[in-house]
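A structural walkthrough
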Amino acid sequence: LLYKVEFDELEWRGGSGDDELAWRGKAWIGKDEHKLLLKTRGERTNDATEEFELQLLYDQAIAPFWDLQFGWRGDFQPGDERNWFAFGFEGLAPGFIESELTAFAGGSGRTAARARFAYDLLFTQKLILEPELELDWYGKDDPANRVGSGIASLEAGLRLRYELRREFAPYIGLNWTGLYGDTKRYARADGEDTSDLQILAGLRFWF
């Protein structure tokens, strides 16, 4: 029986708005081909938790470098709580691009999809630059949570880390987020920024 806890991102972000603490991590337990997987991600300012998401998934290896995943996703912030059925794939695309492709189905006919890609560019065995791109799409408007149909957000990051050990690496970087479509319209109506470029510093670790 194997297990692993990993946080790819645990970071402070500073930009035009309030400073944020952001995280993205996962933990799993199981065998080589069958695992129970817990994913978490979120953002918190000094005042409140701006985003908090959990996923509890069954993970099965289906090909070299590729896993099939399905289970539950819960959105607890912002706005009203939402529950989704999640189904997707995670693995290494050609060129060693880390890829996550997930579709979601929720109550009241809600649908969503997320695509995330990342790549490690090695300057040395310890100094690594990681570009990252993530896109979120929604099938219908959700006014209570200020999310519109279509492409809702695009996030691009650039993180330079130094692996003191493989299990522990501080990093610095930049993160840009842009809102689109009706999600952008909701943000404007609420007096919020529709794009933001942030500097960041954080830790990547696993055990």
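Details of the structure are given in the entry above.
We now turn to the structure provided with this report. Values in this document were obtained by computation on a predicted structure and should not be read as measured data. (Residues numbered from 1 in each chain as written. Predicted model: local features only at pLDDT ≥ 70, side-chain atom pairs only at ≥ 80, totals over all residues. Heavy atoms only, no water.)

With that settled, consider the overall build of the protein chain. Looking only at helices and strands, the protein chain features 1 helix and 13 strands. Overall, the protein chain shows an N-to-C arrangement of helices and strands of β-β-β-β-β-β-β-β-β-β-β-β-α-β. The C-alpha atoms of the protein chain give a radius of gyration of 17 Å, which matches the 17 Å a tight globule of 207 residues would have. Its C-alpha atoms give the protein chain principal-axis dimensions of about 45 × 35 × 30 Å. Within the protein chain, buried positions represent 39% of all 207 residues. Of the contacts formed within the protein chain by residues at least 6 apart in sequence, a portion of 42% connects residues at least 24 apart. Of the roughly 11,200 Å² that the protein chain leaves accessible, carbon and sulfur atoms contribute 62%. Of the charged side chains in the protein chain, 25 are positive and 37 negative; the average position of the first set lies 3 Å away from that of the second. (Helix = DSSP H or I, 4+ residues; strand = E, 2+ residues; numbered from the N terminus. Rg over C-alpha atoms; globule rule 2.2 N^0.38 Å. Buried < 20%, exposed > 50% of the residue type's maximum accessible area, 1.4 Å probe, protein only. Contact = heavy atoms within 4.5 Å. Areas by Shrake-Rupley, 256 points an atom, 1.4 Å probe, with all protein chains shown as cover. Lys, Arg positive; Asp, Glu negative; His and termini not counted. Charge placed at Lys NZ, Arg CZ, Asp CG, Glu CD.)

To describe a pair of aromatic rings, you give the distance between the ring centres and the angle between the ring planes. This model, assessed by the stated rule, comprises 8 aromatic pairs. Ring geometry for phenylalanine 7 versus phenylalanine 205: centroids 5.5 Å apart, planes at 20 degrees, classification stacked. Here phenylalanine 7 is found in strand E1 (residues 2–14), whereas its partner phenylalanine 205 is found in strand E13 (residues 195–206), with 198 residues between them in sequence. On the basis of relative accessibility, which here comes to 21%, the residue phenylalanine 205 falls in the partly exposed class. Between the NZ or CZ atom of arginine 73 and the centre of the ring of phenylalanine 104, over which it lies, the distance is 4.4 Å. Between the NZ or CZ atom of arginine 185 and the centre of the ring of tyrosine 186, over which it lies, the distance is 4.9 Å. (Phe/Tyr/Trp six-rings, centres within 6.5 Å; stacked < 30°, edge-to-face > 60°. Lys NZ or Arg CZ within 6 Å of the ring centre and 35° of its normal.)

Counting 9 residues, the largest nonpolar core consists of Leu37, Leu57, Trp84, Ala86, Phe104, Ala112, Tyr138, Val147 and Ala152. The residues touching alanine 112, leaving out its near neighbours within four places in the chain, are Trp84, Thr102, Ala103, Phe104, Trp137 and Tyr138. (Core = buried A, V, L, I, M, F, W, Y, C linked by side-chain atoms within 4.5 Å.)

On to a negative patch on the surface. A contiguous patch of negative charge on the surface is contributed by Asp18, Asp19, Asp47, Glu50, Glu192 and Asp193. Tracing the backbone through its elements, the reader meets aspartate 19 in the loop between E1 and strand E2 (20–30). Given the relative accessible area of 37%, aspartate 19 is considered partly exposed. (Patch = residues over 30% accessible without salt bridge, like charges linked within 9 Å, V, L, I, M, F, W, Y side chains within 5 Å. Salt bridge = Lys/Arg side-chain N within 4 Å of Asp/Glu carboxyl O.)

Our focus in this paragraph is the layout of surface pockets. Its volume calculated, the second largest pocket comes out at about 1,200 Å³. In terms of lining residues, the second largest pocket is bounded by 45 residues, among which Glu6, Asp8, Lys26, Glu90 and Glu98 are the most central. Top contributing element to the lining of the second largest pocket by residue count: strand E4 (residues 49–63), with 6 residues. (1 Å grid on protein atoms, 1.4 Å probe; cavity = no way out; pocket = protein on both sides within 12 Å on 5 of 7 lines; lining within 4 Å. Points joined across faces, edges and corners; volume = space filled by probe spheres on them.)

Here threonine 102 is to be found in strand E7 (residues 97–106). A residue is classified by how much of its surface remains accessible, and threonine 102, at 15% relative accessible area, is buried. Among residues more than four places away in sequence, those in contact with threonine 102 are Ala86, Phe87, Gly88, Ala112, Ala113 and Arg114.

Our next topic: the environment of arginine 146. With respect to the helices, strands and loops of the structure, arginine 146 is situated in the loop between strand E10 (127–138) and strand E11 (150–162). Spatially, the C-alpha atom of arginine 146 lies 6.3 Å from that of threonine 183, the residues being 37 residues apart in sequence. Excluding residues within four positions of it along the chain, arginine 146 makes contact with Thr183, Tyr186, Ala189 and Asp190.

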